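So the chains spell out like this:
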Amino acid sequence: QPERKFGVVVVGVGRAGSVRIRDLRDPHASSAYLNLIGFVSRRELGSIDEVQQISLEDALSSQEVEVAYICSESASHEGYIRQFLNAGKHVLVEYPMTLSRAAAQELWELAEQKGKILHEEHVELLMEEFAFLKKEVVGKDLLKGSLLFTAGPLEEERFGFPAFSGISRLTWLVSLFGELSLVSATLEERKEDQYMKMTVCLETENKRPLTWTEEKGPGLKRNRYLSFHFKSGSLENVPNVGVNKNIFLKDQNIFVKKLLGQFSEKELAAEKKRILHCLGLAEEIQKHCRPKK
């Protein structure tokens, strides 16, 4: 049994928040270091699975609460992170951490000043498909590639511009092919049909083109289509490589390692650099698609 447990509060109990509560309550190696104290929600829920609802004020002021899991909609992440860091708590937040690069940079500086861990979840990098792709791509010379993601409509007010709400796809591309630069970006929208299609042309450091498309609308199934062409052959779509089991738990394991000081400075710096690079690209894409009038 660990010497000490960190008291945790989960903010927001949608899909991610519910999985987080489940993982915290189940006996896992990392959960042994964590003690779920309660959850915060704008809805009046009272309790979920014997876990008590507590007010945001109590979560911020309680000495017992040392860690906050921010699982609310994206637009509210920045405000919550700031409040919990200022209250001297460690923070785990679902992606995207913020809806601007500058805000993320500032929050990391705040975390450093406070001596707290600020961790942004990226479960897409813990998926079986990603592990498969990483193996396939390593050492190969890319000629060109494309990644298309389709899904039902998403409210931009709550989840941010498509380059932010879909930042996990961008994270895949950057993690596979290194830092990217933006060539062009367009957005086709039909508000009355709840339809939108964002097409982004990127290039790798050695000028290879990558196209990233997010298409969302009623009746579109959640799906990912990819095609990468290398000098040595092509990769079209990922075979069914099995279920993504416990990806949120794998992310929690990483977070606990950070809490326990088991992550090297080098790993932390590389992760931060990648996250800021992706947020910076997402912001640039948004400016391209929605130039300020």
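Within an unreviewed UniProt entry, the label attached to the protein reads Biliverdin reductase A, and the organism entered is Loxodonta africana. As recorded by UniProt, the Pathway (unreviewed entry) comment attached to the protein reads in full: "Porphyrin-containing compound metabolism; protoheme degradation."

Draft legend 1. View of the UniProt feature "domain: Biliverdin reductase catalytic" (unreviewed entry) in the protein. Residues annotated by UniProt as "domain: Biliverdin reductase catalytic" (unreviewed entry) correspond here to residues 130–240. Taken end to end, residues 130–240 comprises 24% helix and 44% strand; its first and last C-alpha atoms sit 12 Å apart.

Draft legend 2. Structural view of the packing of aromatic side chains. Counted under the stated rule, the structure contains three aromatic pairs. Each ring, one from Phe177 and one from Phe228, has its centre 5.0 Å from the other, and the planes form 75°; the classification is edge-to-face. With Phe177 in helix H8 (residues 167–177) and Phe228 in strand E12 (residues 223–230), this pair connects stretches of sequence that are 51 residues apart. The two residues Phe177 and Phe228 agree in class, both being buried. The positively charged end of Arg20 is found above the aromatic ring belonging to Tyr69, 5.5 Å away from the centroid.

Draft legend 3. View of the sheet that holds strand E7 (residues 118–120). The five strands are arranged E2-E1-E5-E6-E7 in an open sheet whose pairing can be described as parallel. A strand with exactly one partner marks an edge of an open sheet, and here the two such strands are strand E2 (34–40) and E7. Taking the axes of each pair of neighbouring strands and ignoring which way they run, one obtains an average angle of 20° across the sheet. Both strand E1 (residues 6–11) and E2 contribute to a ladder of six bridges, which runs parallel. Bridge pairing links Val10 to Phe39 in E2.

Cut-offs and rules
Residues numbered from 1 in each chain as written. Predicted model: local features only at pLDDT ≥ 70, side-chain atom pairs only at ≥ 80, totals over all residues. Heavy atoms only, no water. UniProt positions renumbered as here; feature names shortened; annotations may be inferred. Helix = DSSP H or I, 4+ residues; strand = E, 2+ residues; numbered from the N terminus. Phe/Tyr/Trp six-rings, centres within 6.5 Å; stacked < 30°, edge-to-face > 60°. Buried < 20%, exposed > 50% of the residue type's maximum accessible area, 1.4 Å probe, protein only. Lys NZ or Arg CZ within 6 Å of the ring centre and 35° of its normal. Pairing = 2+ DSSP bridges. Axes fitted to C-alpha atoms, helices over the stretch in contact; angles between N-to-C directions.

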